[in-house]
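# A structural walkthrough
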Amino acid sequence: MASPRCRRLALPFLFLTCLPTAVPTSPRNGRGTAIGAIAHPSSPNYLAEVKTTMDIARFASLATFSKSSPDINSRVIFPKPTNVTDAPQLEKVYFATNKYSRKFAEISPSTRVNILYWDSEGVGYVTLRGEASICDADEAQAGWWSGWDHVYPEGPSTEFYTLIRVVPDWIEFASYDRFHVDEGRNRTDWRPLTLVRESPDKDWKILPGN
């Protein structure tokens, strides 16, 4: 169980980490991360631990930029688990939504988003940053997951069902009790273990300290 101190920290921590981060655009990769600064291929265990943490958390917080104001909107989503998604290197994350919802409008046709998973028992979290897009009808049908049955009574044929695909290019990961990952402890800025990649067909790599 998390200590009382960790539980007190959890709520503000959630709100602080779920905000999308605006970064200057790099001519090399479009995300403000200089390719030359990326070194050291990530341990295979890190990615496995990230995916396990996501699946344990089950629910996540999605943050998007408002269409009508400079505000940021956040809401809880129920992503498709990684262990039933054909994405061994976390090439994509899926979640279903109502095509009349605010998040659909804010994502359409594509935009940068931030997704935060919180593992309360393991006292850890995963933050994904990446490009979200509306799937076409074929991908929405193929990407359907039975865990959404209670929300979409006719399955993928439900009139208001649509599928969102997020292609992550940035992962922040900490797991204090479950996997004992705490890179931020030795950093003045508290930045957690961070994995980055240039494109979905490239390997994840550890972002070294500055």
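Scroll up a little and you will see the structure.
Residues numbered from 1 in each chain as written. Predicted model: local features only at pLDDT ≥ 70, side-chain atom pairs only at ≥ 80, totals over all residues. Heavy atoms only, no water.

## Brief notes about the overall build of the chain
When helices and strands are counted, the chain shows four helices and eight strands. Counting from the amino terminus, helix and strand elements in the chain follow one another as α-α-β-β-β-α-β-β-α-β-β-β. Relative to its full complement of 210 residues, the chain shows a buried share of 48%. The long-range fraction of contacts in the chain, counting pairs at least 24 apart against all pairs at least 6 apart in sequence, stands at 66%. (Helix = DSSP H or I, 4+ residues; strand = E, 2+ residues; numbered from the N terminus. Buried < 20%, exposed > 50% of the residue type's maximum accessible area, 1.4 Å probe, protein only. Contact = heavy atoms within 4.5 Å.)

## Digging into the environment of Ile171
Among the structural elements, Ile171 can be located in strand β6 (residues 161-175). Considering only alpha carbons, one finds Ile171 and Asn114, 57 residues apart in sequence, at a separation of 9.9 Å. Excluding residues within four positions of it along the chain, Ile171 makes contact with Leu47, Val50, Leu90, Val126, Thr127, Leu128, Leu193, Thr194, Leu195 and Trp204.

## What about the packing of aromatic side chains?
Within this structure, the stated rule accounts for eight aromatic pairs. Judged by centre distance (5.1 Å) and plane angle (85 degrees), the ring pair of Trp144 and Tyr161 falls under edge-to-face. With a gap of 17 residues between them, Trp144 in the loop between α4 (137-142) and β6 and Tyr161 in strand β6 connect regions that are remote in the sequence. Classification of Trp144 as buried rests on a relative accessible area of 17%. Tyr161 gets classed as buried once you look at its relative accessible area, which sits at 8%. An aromatic cluster is built from Phe59, Phe78, Trp144, Trp145, Trp148, Tyr152, Phe160 and Tyr161, whose rings are joined through pairwise contacts. The aromatic ring of Trp170 is capped on one face by Arg129, whose charged end is 4.3 Å from the ring centroid. (Phe/Tyr/Trp six-rings, centres within 6.5 Å; stacked < 30°, edge-to-face > 60°. Lys NZ or Arg CZ within 6 Å of the ring centre and 35° of its normal.)

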